[in-house]
Amino acid sequence: MPATPSSASPLFLREPELRRGMELLYFGYSHLTRSIDQGLAEEGLGRAHHRALYFIARKPDMTVSELLSLLAITKQSLGRVLNELADRKLVETRPGERDRRQRLLRLTAEGSKMERELFEAARIRMADAYASAGQSAVSGFWAVLEGLVPEADRSQVFGLRG
């Protein structure tokens, strides 16, 4: 008998339960991003643009190399995305204060507005799901997701916390 949506089987390490978790991650993420994708499509942008906007908003003045490491994409791909965002006046760069070769990234007012609008579409879905699950379930969910991040990358992820 399958577990109810809000409870895990005591045999949660067996393949069927692991597969269920993977499926829920996939479908949950798919539905979460659909509302964001609609806003991006209206602007002629894609998910790579959204990820850049999101993380630059989370950590203003992040360096291009930090964003490159965080997104784990090629330098060429990031360059294309950042150039498009800069051309649209959504992102601006400036040289680093100590190392003038560094390029620090920051959203423009228009970029901040777009990022907030895209976030709002996802925030409503996340807030509803969190409210339905309850605080302890959210804490457990976060613990599972943090466990999926390799130990070596966790400091980078935790560095985004405000």
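Residues numbered from 1 in each chain as written. Predicted model: local features only at pLDDT ≥ 70, side-chain atom pairs only at ≥ 80, totals over all residues. Heavy atoms only, no water.

On to the sheet that holds strand S3 (residues 103–107), then. Taken in spatial order, the 3 strands of this open sheet run S1-S3-S2, and their pairing is antiparallel. Each end of this open sheet is capped by a strand with a single partner; those strands are strand S1 (62–63) and strand S2 (91–95). Sheet strands touched by helix H2 (residues 47–58): S1, S2 and S3. Its angle to S3, the strand with the most contacts, is close to 95 degrees. (Pairing = 2+ DSSP bridges. Helix = DSSP H or I, 4+ residues; strand = E, 2+ residues; numbered from the N terminus. Contact = heavy atoms within 4.5 Å. Axes fitted to C-alpha atoms, helices over the stretch in contact; angles between N-to-C directions.)

Another aspect to go through is a nonpolar patch on the surface. On the surface, Leu-25, Phe-141, Trp-142, Val-144 and Leu-148 cluster together to form a nonpolar patch covering roughly 490 Å² of accessible area. Broken down by element, the residue count for the nonpolar patch peaks at 4 residues, all from helix H6 (residues 135–148). Relative to the helices and strands, Phe-141 is located in helix H6. (Patch = residues over 30% accessible without salt bridge, like charges linked within 9 Å, V, L, I, M, F, W, Y side chains within 5 Å. Areas by Shrake-Rupley, 256 points an atom, 1.4 Å probe, with all protein chains shown as cover. Salt bridge = Lys/Arg side-chain N within 4 Å of Asp/Glu carboxyl O.)

It is worth spelling out the environment of Leu-71 at this point. Of note, Leu-71 is situated in helix H3 (residues 64–71). Given the relative accessible area of 12%, Leu-71 is considered buried. For the pair formed by Leu-71 and Ala-52, sequence separation is 19 residues and the distance between their alpha carbons is 7.9 Å. Excluding residues within four positions of it along the chain, Leu-71 makes contact with Arg-51, Ala-52, Phe-55 and Leu-78. (Buried < 20%, exposed > 50% of the residue type's maximum accessible area, 1.4 Å probe, protein only.)

With 12 residues, H2 should cover 16 Å at 1.5 Å per step; its first-to-last C-alpha distance of 16 Å lies within 8% of that length. The set of residues buried in H2 consists of His-49, His-50, Ala-52, Leu-53, Phe-55 and Ile-56. (Expected span 1.5 Å × (residues − 1).)

Where S1 lies against S3, 2 bridges are found, and the strand directions are antiparallel. Bridge pairing links Thr-63 to Leu-104 in S3. In this structure, S2 lies alongside S3, joined through 5 bridges in antiparallel fashion. Directly across from Val-91, in S3, lies its bridge partner Leu-107.

Summed over all chains, the structure comprises 11 salt bridges. Among the salt bridges present, the one from Lys-59 reaches Glu-66, with a minimum N-O distance of 3.1 Å. Taking relative accessible area as the criterion, Lys-59 reaches 31% and is therefore assigned partly exposed. Accessibility expressed as a relative area gives 29% for Glu-66, which makes it partly exposed. Salt-bridge contacts for Glu-97 lead to Arg-94; the nearest nitrogen and oxygen are separated by 3.8 Å. Judged by relative accessible area, which is 64%, Glu-97 ranks as exposed. Within this structure, Asp-61, Arg-94, Glu-97 and Arg-106 form a network of salt bridges that share partners.

Taken by themselves, the reported measurements are silent on function.
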